[in-house]
Amino acid sequence: MTLEREVFHRTVRTRLDQASFALTQAHPQSTFLAVRLSSFVGWIAFCLPLLGCNEPPGSPADGSGGAASTGGGPSVACEEPPLPAPFARLLTRSEYRRTVQELLGTTEDPTVTFPEEPEVNGFNNNARSYAATPLLVEQLDLAASKLAASAQARAFSGLVSCEGKSERECASDFIARFLRRAFRRAPSSAELVSFETLYDRVASGSGHAEGLRSIIEAALLSPQFLYRVEAPLVSEPLAESRELPLGPYELASRLSYFLWGSMPDELLLARAEEGALSTPAGIEAEARRLLADPRAKDRASEFHSLWLKTNRLPSLARDGAPAEFGRDLQRSLLAFLDDVLWAGGTIRDLLTTEVVYATPAMGAFYGYATDPSAPFTRVVPPEPRPGLLGQPALLTRLSLANQSSPIQRGVFVRDALLCSPVANPPPSVNNNPPDPQPGLTTRELFRVHTEFAVCAECHRLIDPVGFGFEAYDQLGRYRTEQEGKPIDVNGSLDEVPDPAMAGSYTGLGELSERLTIGNTVLDCVTRKWLEFAIARAVSPADSCEVLASLDGGSSDTPLIEVLVAITKSRPFRMAPHSSETTP
């Protein structure tokens, strides 16, 4: 590596680190800070080595053009103020992978060595907690270098067309088109000048191809690419909501990263420039187009994996499990969830449909007739398998290595389906589960939780929910007895958000039916999807905004309509403006 290249890498990595720190620490406490932050993002990346530092752009809207959403939608009584969030969101590993693959037309995955993102409320894209670390900066540097070199090795196929142009004209055309896609917006004049100057200096000493390679590498290292900077359209928040409407390009990016986990396509960018995203109706039209694209299925599977923690299945150890069984279970559960979502299914379908997508290995294990030549067979099991809660994969994940776990299963219902989590046990409490004992059922083993006051306060809300799952062992196999005793599947659902849902039940089928009463589960699932969409903690008022457009919603509301409603909601179209902080 030449001295110039060493200086290039060292300087860009230092400035990327500085930019990452500033972006993740800053909070839009005022219009002035928001403007300074956006200006800083535009400036820091282009003080590249061997160039003079450009003056910071004068406006965060420089070169943005277009029109944006300014409000609208249903009038709702969701009075709680929105939770604040940063204006800049670092791309997650999956978002980075999809984005560079689409941007460069490659199948390479440079993220396999990237460090994992921290999880907040089960999701890995929380804008406030996910910050660049020295290790991530190093990996981003290496990835940019390798991706740029790979593009050069392919003679920039699909990226550059120089027919009938001089090398300089070709470079200028490439820079304008490439930055528009990489930055997910029209580049400002200052940005164009910076990259053209970089090309001129590199190309003059190393040639045209090396100049183009340096443009790709510098773009991939810029905060404009690595961060989604959600600059507001106006400088003052709307008086009635303390919110700032997002600009057109920011809305386009929020749409594409929510529904595809990747950059906007050319048509979505064009819609942003035309002002087509200025109304909820315009946003809905694009949301439905994006949902009809195969990329939306991959993104939905990512949500389901995070929400239900299916990524833990391949590495789970369970007594009696065949080799590699966890991967079959993972694929089975995601296939079930895909079927519900994309067939227009509802919360009722999610919780009560008695279907399992069984691989040949699962068929042999659970006794289902499957097609050995097909990856899955849609099976209607002979035993009770009510919806999500009856899926072998979920029952296996919510178990211990050698026994079922009413605790994990009860906690899951309260947290993942009711959004009413129970507090963690005090540090002084030994929360190790009891070992199986001959002659005792799991229910009898866990009775100790209600015998001690320090445990009973929480476990009276958890255990009665989890006991209804006891007809299924640690591998999700159906059973009617344990240790020679009949299985007791009586349980109760107490102190839940909707009193109509509360009460005693017998078996997983009755529990699943209880969970379809009212819109509590729909509201919770909406909150999960919304948090995934806007990368911040959400409040009940946020999900209220979404459900208001669905007339409150019910267990018979198609889940795909929830996703569309999210894209039209105020939390999605607006950026909170507050001096408060949130995790």
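This text follows the structure it describes.
Residues numbered from 1 in each chain as written. Predicted model: local features only at pLDDT ≥ 70, side-chain atom pairs only at ≥ 80, totals over all residues. Heavy atoms only, no water.

1. Quick word on the packing of aromatic side chains
So, point 1. Within the structure shown, the criterion is met by 17 aromatic pairs.
So, point 2. These aromatic residues form a ring-pair network of at least three members: F123, F258, F303, W307, W529, F532 and F572.
So, point 3. Against the face of F572 rests R254, its NZ or CZ located 5.6 Å from the ring centre. (Phe/Tyr/Trp six-rings, centres within 6.5 Å; stacked < 30°, edge-to-face > 60°. Lys NZ or Arg CZ within 6 Å of the ring centre and 35° of its normal.)

2. Details of the state of the cysteines
So, point 1. The tally for this structure, following the rule as stated, stands at two disulfides.
So, point 2. With its sulfur 1.8 Å from that of its partner, C162 forms a disulfide with C170. Judged by the sign of its S-S torsion, about -55 degrees, the cystine formed by C162 and C170 is left-handed.
So, point 3. Looking at C162, the relative accessible area reads 29%, which means it is partly exposed. (Disulfide = S-S within 2.5 Å. Buried < 20%, exposed > 50% of the residue type's maximum accessible area, 1.4 Å probe, protein only.)

3. Observations concerning unusual backbone geometry
So, point 1. One non-glycine residue, F156, lies in the positive phi region at around 55 degrees.
So, point 2. You can see F156 is positioned in the loop between α4 (134–153) and α5 (167–182).
So, point 3. In this structure F156 comes out as buried when scored by relative accessible area, which is 6%.
So, point 4. Phi angles above zero are rare outside glycine, and R184 is one such case at about 60 degrees. (Helix = DSSP H or I, 4+ residues; strand = E, 2+ residues; numbered from the N terminus.)

4. A closer look at the environment of R154
So, point 1. In this structure, R154 sits in the loop between α4 and α5.
So, point 2. On the basis of relative accessible area, R154 is assigned to the partly exposed category, the value being 28%.
So, point 3. Sequence-distant contacts of R154, defined by excluding residues within four places in its chain, comprise L104, G105, T106 and E108. (Contact = heavy atoms within 4.5 Å.)

5. Side note on the side chain of T310
So, point 1. Counting through the fold element by element, T310 comes out in the loop between α12 (295–308) and α13 (325–342).
So, point 2. The class for T310 is buried, based on a relative accessible area of 1%.
So, point 3. Here the side chain of T310 touches S305 through a polar contact of 3.1 Å, side chain to side chain.
So, point 4. Not counting chain neighbours up to four residues away, the residues in contact with T310 comprise H304, S305, Q330, L333 and L334. (Polar contact = N/O pair within 3.5 Å; in protein donor to acceptor, adjacent residues only side chain to side chain.)

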